[in-house]
Each structure stands twice: as structure tokens, then as C-alpha cells.
Amino acid sequence: MRLLMLAGLLVVYPVSRAKADDEPIFAPDSKLKAETAKGAGGEGPAWDPELGILTSGNGNVNRLARDGKASVYREKAGTNGLLFDKTGRLVACEAESRRITRTDREGAVTVLTDRFNGKRYNQPNDLTIDSQGRIYFSDPRYGSREGMEQLDAAGKTIEGVYRIDLDGKVARVIGREVERANGVLVSADDKFLYVADNNNDDLGGARKLWRFDLTADGTVDAKSKKLIHDWGTGRGPDGVKQDAKGRLYVAGGLNKPNPRPSPRPT
């Protein structure tokens, strides 16, 4: 099965089980099925074998259990990106509270970071975890620009990517190398960091997917920056995932123009 997020819906496509390198992404008889709607799908689908699927939407962390029953898992959480770590704890980007948290199986919430260099984050959006357990998260700001505290030496806003090490220390690994970091993904071999650079508020802003080399200690090689795809004046990339064959799956827009900021028709 393949999980997708489309306009607030959580949808599922059956995927072909063929083992050929040229296997289709979706089985020939695939049909779109809405698993949850009315805004409960929203963002950040995270799978757990016991809980089922958790998503951010309507201000809550929502649960779609394996029996198909929908419920609210954590009310008024204000989250976006969600991901379970190796021990089954839920790591979340709490955009509304401008912080990264971790929730254990009993429901206890721990704040992992809410500031960098004494300044509040913009709105943590998406996260990825490498094989060592280090957490990388993006920190863009969509909508109002008021109250942004992460600035460079010239006073310009930074909407970059941060890394939380196992000892709790936080480092900014990408700053003004991108305009507005959104979706992030560390490859399974820890060699690459993919970053969706999506400034879709502005006509002419970045709508690009970049790849950066990662070193063994989790440092990003800024000079290795490689363009994977450019959406031009389209809606641009959001969440990013990768399958066992190394193929990327990118939430890439509405497939229709959004007149001023994203006029591209597809």
C-alpha cells in the first residue's frame, strides 16, 4: 500500500508487488480511496504497527486505527510533521508552539528544543531521523512574517534546517543555502539530505528539491548542493519520502494554477 496526502485527505493506493526494476508505482487496477477527510488528514502521516496512522489536522494529532476507526490522539497539539523513532516515541514539529517535542507511549510530552541561540524558531514544519537517531527538522514560515527571530548577520530571515544530536545539542546545518526549507529526508544510508525549498508565497520564489551530501557526523556539505527538480512557477514541493529502491515520492502541488503566486497550470 502507498499512503498519500492530498488536500487534507489521507488516501491509499495499492502498489504492485512486481520485483522488476521497471515495476509500476501503482498497480494497474489502483483506485483512489479517501481514508479520512474533513481536514483530519492534513499533514505528516506517520505509521505505527499498533496505533495505525497518525496525522496532523484540525489542530490535533489524529489517529486512524488499523480497524478503520478515526479518533483524536492528542487534542490541540498544533503539529505539522510527525515521525516515530526507533523506540516508538512520536517526534513532532509543533508549528503553533514553535518547538520540537517527543511523546512517549504513555502520552508524556518532552520538549526537545524550542530555541536556537536563544531565539524562537519560525514554525518547525517537517522532520527526518537518521540511523543514529539524530533528528533533522525544517523551520520555514508561511503566512505572516511577524515575530520571526532567526536572522543572519545581515538581519535577513533564515528558514533553514536544524539537527538535534543524541546529547540534545542543536546545530543549524542549512541556513541561507535555501530560501524556505519545507520537507526534509535523510536517505536510508545516511549519505544524503533532501530538502524541499518551497517559497510558494511569492511569485518567482524557489520551488525546488535539493540534495546535499551528509558526513558521518551529520554535517551537511553545502558545496555538494544538487538540484533534483524545479517546479518553476508551480505550487512546489512539500513532504518527501523514499522507497527501498531509492525512488523519491514528493508532494508536488495542486495540479492547477493558484493565480498570483503559482500561475503554472500543472
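### Quick word on the environment of Ile53
Examined against the element boundaries, Ile53 turns out to sit in strand E5 (residues 52-57). Taking the C-alpha atoms as reference points, Ile53 and Ala70, 17 residues apart in sequence, are found 9.6 Å from one another.

### Digging into the packing of aromatic side chains
For any two aromatic rings, the description comes down to two numbers: the centre-to-centre distance and the angle of the planes. As enumerated under the stated definition, the model contains five aromatic pairs in all. Between Tyr121 and Tyr162 the ring centres are 5.2 Å apart and the planes differ by 75 degrees, which places this aromatic pair in the edge-to-face class. Remark: Tyr162 occurs in strand E16 (residues 161-164) and Tyr121 occurs in the loop between strand E13 (119-120) and strand E14 (127-129); sequence separation between them is 41 residues. For the pair Tyr121 and Tyr162, one class covers both residues: buried.

### Describing the environment of Cys93
By the element assignment, Cys93 lies in strand E9 (residues 90-94). Here the alpha-carbon distance between Cys93 and Gly246, two residues 153 residues apart in the chain, equals 25 Å. Not counting residues up to four positions away in its chain, the partners in contact with Cys93 are Gly78, Thr79, Asn80, Gly81, Arg99, Ile100, Pro124, Asn125, Asp126, Leu127 and Phe137.

### Side note on the confidence of the model for the protein chain
Looking at the protein chain as a whole, its pLDDT mean stands at 90, while 92% of the residues score no less than 70. Contacts of residues 5-18 to residues separated by more than four positions or lying in other chains number 63 contacts, the stretch itself having pLDDT below 50.

### Quick notes on the pairing of strand E19 (residues 192-198)
Counting buried residues along E19, six of its seven residues qualify, which places the element largely inside the surrounding structure. Here strand E18 (residues 181-186) runs beside E19; their pairing, made up of four bridges, is antiparallel. Its bridge partner lying in E19, Ala181 is registered against Asp197. Following E18, the chain reverses through five residues before pairing antiparallel with E19; Asp190 in that reversal takes a positive phi of roughly 65 degrees.

Calculation criteria
Residues numbered from 1 in each chain as written. Predicted model: local features only at pLDDT ≥ 70, side-chain atom pairs only at ≥ 80, totals over all residues. Heavy atoms only, no water. Helix = DSSP H or I, 4+ residues; strand = E, 2+ residues; numbered from the N terminus. Phe/Tyr/Trp six-rings, centres within 6.5 Å; stacked < 30°, edge-to-face > 60°. Buried < 20%, exposed > 50% of the residue type's maximum accessible area, 1.4 Å probe, protein only. Contact = heavy atoms within 4.5 Å. pLDDT = per-residue confidence, 0-100. Pairing = 2+ DSSP bridges.

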